[in-house]
Amino acid sequence: ALRPLRTRPRPFRDVFKGSLVQVVLGEPGAGKSTLSKWLALVAADGRLRREHDLGVAERRVPIPVSVGLLSKIKEKNESASVLQALALYFQDRSVGNVEMSEIESFLRDRFERGEALLILDGVDEVAGDRVDIASWLQSFIGQHHRNRFVITSRIVGFAGLPSFASDTVVVRPFSDAQIDRYVHAFCAAYREAELGRKDPNAREIGDDLLSAIQGSERLKALARNPFLLSSIALVHRAEGRLPRHRVELYEIFLRALCETWAWARRLVLKTAPSEAPTVEYENEAIPVL
């Protein structure tokens, strides 16, 4: 069972500088993976940026990892240590274009010196035994306690896993002010991308979208989730309006998803026709979903 969580909101800056091991939980679409990417970028930036955004000036090498993909490597290489699995993970991504032994040596040196920030994203997205993978990672964290670690997970997927840290936090839904800030930033950026210059009318477009969201309590509830708010903003931009009912919005989401699946399938067909599934996503998947 999870330990009681704090209810007082805290900026991530305060959370991060509080201890060397942090567990960040959240609902699907709450922004856990986005937080992981942002954290890696800030940690790789200059001292002033780190001190301003994270509350610490220390320089550590950010190592962002998808635990789901790491667990697949562990599944194929049962006796692999965490360091070996990490080296394979980055070798698969052609990081540095060097041999696995060189990557492993670099990582070992960073962890032994206490110079690493290991970001383990999606510890609930494990292929196979989640508890076994979590224990494997927990043991590694205990052996390298001078480094920093951030572990993310969905709330429902974290139950039953070993306790990684004493300080477990939950990503809160967007407040009204955050929805307002996101919508106006989105509209300004989108219009600038379309026009190649700043649009003086972007603020008005953002106000129109906010009015549509605030006009429906159900849409407003959806908009508190960052992923869904980004989807709502895209639908509004593409359609010129927002549907009055959530079911219409869901249908647009599904069509976009199925179009993406179909596009991905066509890419697979070009390289391996015999292995590609024969599914007419647009015709078969939407009614089922």
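The coordinates are above.
All figures in this text were calculated on a predicted structure; none of them were measured in a lab.

### A closer look at helix 7 (residues 130–143)
With 14 residues, helix 7 should cover 20 Å at 1.5 Å per step; its first-to-last C-alpha distance of 20 Å lies within 8% of that length. Within helix 7, the full set of buried residues consists of I133, A134, W136, L137, F140 and I141. Taken around the axis of helix 7, the buried residues stretch over an arc of 155 degrees, which confines them to a single face. Where helix 7 is buried, its residues touch strand 1 (21–26), helix 4 (67–76), helix 5 (82–92), helix 6 (100–113), strand 3 (116–121) and strand 4 (148–154).

### Here we look at the pattern of salt bridges
Tallied over the entire structure, the rule returns 16 salt bridges. For D176, the salt bridge goes to K220, with nearest N and O atoms at 3.7 Å. Of this pair, D176 sits in helix 9 (residues 176–195) while K220 sits in helix 11 (residues 217–223), and the two are 44 residues apart along the sequence. Of the residues examined, K220 reaches a relative accessible area of 19% and is grouped as buried. Between D199 and R191 there is a salt bridge; the shortest N-O distance is 2.7 Å. Note on accessibility: D199 and R191 belong to one class, buried.

### Quick word on the packing of aromatic side chains
Applying the stated criterion across every chain, the model contains 8 aromatic pairs. Taking 6.2 Å as the distance between ring centres and 75 degrees as the angle between the ring planes, the aromatic pair formed by F12 and W38 counts as edge-to-face. Pair noted here: F12 is in helix 1 (residues 12–16) and W38 is in helix 2 (residues 32–43), with a separation of 26 residues, a long-range link. With relative accessibility at 18%, the residue F12 sits in the buried group. By relative accessible area, W38 is classed as partly exposed at 30%. By the ring-pair criterion, three or more aromatic residues cluster together here, those being F174, Y182, F186 and Y190. Geometry around Y89 places R93 over its ring, the cationic atom sitting 3.9 Å from the centre. When the ring centre of F16 is taken as reference, the NZ or CZ atom of R148 above it lies at 4.6 Å.

### Focus on the packing of helix 4 against helix 5
Where helix 4 contacts helix 5, the two axes come as close as 9 Å, and the packing angle between them is 110 degrees. On the basis of the axis angle, helix 4 is roughly perpendicular to helix 5. In terms of crossing hand, the pair formed by helix 4 and helix 5 is right-handed. Residue-level contacts link L69, L70 and I73 of helix 4 to A85, L86, L88, Y89 and D92 of helix 5.

### A closer look at the environment of V65
Along the chain, the position of V65 falls in strand 2 (residues 61–66). Between the alpha carbons of V65 and F90 there is a distance of 9.0 Å; along the sequence they are 25 residues apart. Those residues in contact with V65 that sit more than four places away from it in its chain are L70, L86, Y89, F90, L118, I119, L120 and D121.

### Regarding the pairing of strand 1
Where burial is concerned, most of strand 1 is hidden: 6 out of the 6 residues are buried. Residues V21, V23 and L25 point to one face of strand 1 and Q22, V24 and G26 to the other, with burial holding for every one of them. In terms of strand pairing, strand 1 meets strand 5 (residues 168–170) through 3 bridges, oriented parallel. When the sheet's bridge partners are listed, V23 is paired in strand 5 with T168.

### Observations regarding empty space enclosed by the protein
Overall, the coordinates contain 1 cavity of 30 Å³ or more when judged by the stated rule. What lines the largest cavity is F16, A43, R50, L54, V56, E58, R60, L117 and R148. Its residues placed into classes, the lining of the largest cavity shows 5 nonpolar, no polar and 4 charged.

### A word on the environment of S105
Tracing the backbone through its elements, the reader meets S105 in helix 6. Residues S105 and L83 lie 22 residues apart in sequence; the distance between their C-alpha atoms is 8.9 Å.

### Section: the packing of helix 2 against helix 3 (residues 47–54)
Here helix 2 crosses helix 3 at 140 degrees, and the two axes come no closer than 8 Å. It follows from the interaxial angle that helix 2 and helix 3 lie oblique. The segment helix 2 lies against helix 3, with W38, L39, V42 and A43 engaging R49, R50, D53 and L54. Residues belonging to the contact of helix 2 with helix 3 are distributed by class as follows: 5 nonpolar, no polar and 3 charged.

### Focus on the sheet that holds strand 4
Pairing is parallel in the open sheet, where 5 strands are placed in the order 2-3-4-1-5. Since the sheet does not close on itself, it has two edges, and those belong to strand 2 and strand 5, each with one partner. With direction set aside, neighbouring strand axes in the sheet form an average angle of 20 degrees. Bridging between strand 2 and strand 3 involves 6 bridges; their strand directions are parallel. Among the inter-strand pairings, P64 is bridged to a residue of strand 3, identified as I119. Sheet strands touched by helix 4: strand 2 and strand 3. Its angle to strand 2, the strand with the most contacts, is close to 75 degrees. Packed onto the sheet, helix 6 meets strand 2, strand 3 and strand 4 and runs at close to 120 degrees relative to strand 2.

So, how was this worked out
Residues numbered from 1 in each chain as written. Predicted model: local features only at pLDDT ≥ 70, side-chain atom pairs only at ≥ 80, totals over all residues. Heavy atoms only, no water. Helix = DSSP H or I, 4+ residues; strand = E, 2+ residues; numbered from the N terminus. Expected span 1.5 Å × (residues − 1). Buried < 20%, exposed > 50% of the residue type's maximum accessible area, 1.4 Å probe, protein only. Arc of directions from axis to C-beta. Contact = heavy atoms within 4.5 Å. Salt bridge = Lys/Arg side-chain N within 4 Å of Asp/Glu carboxyl O. Phe/Tyr/Trp six-rings, centres within 6.5 Å; stacked < 30°, edge-to-face > 60°. Lys NZ or Arg CZ within 6 Å of the ring centre and 35° of its normal. Axes fitted to C-alpha atoms, helices over the stretch in contact; angles between N-to-C directions. Parallel < 35°, antiparallel > 145°, perpendicular 65-115°, else oblique. Left-handed = near helix turned anticlockwise from the far one by under 90°. Pairing = 2+ DSSP bridges. 1 Å grid on protein atoms, 1.4 Å probe; cavity = no way out; pocket = protein on both sides within 12 Å on 5 of 7 lines; lining within 4 Å. Points joined across faces, edges and corners; volume = space filled by probe spheres on them. Nonpolar A, V, L, I, M, F, W, Y, C, P; charged D, E, K, R; others polar.

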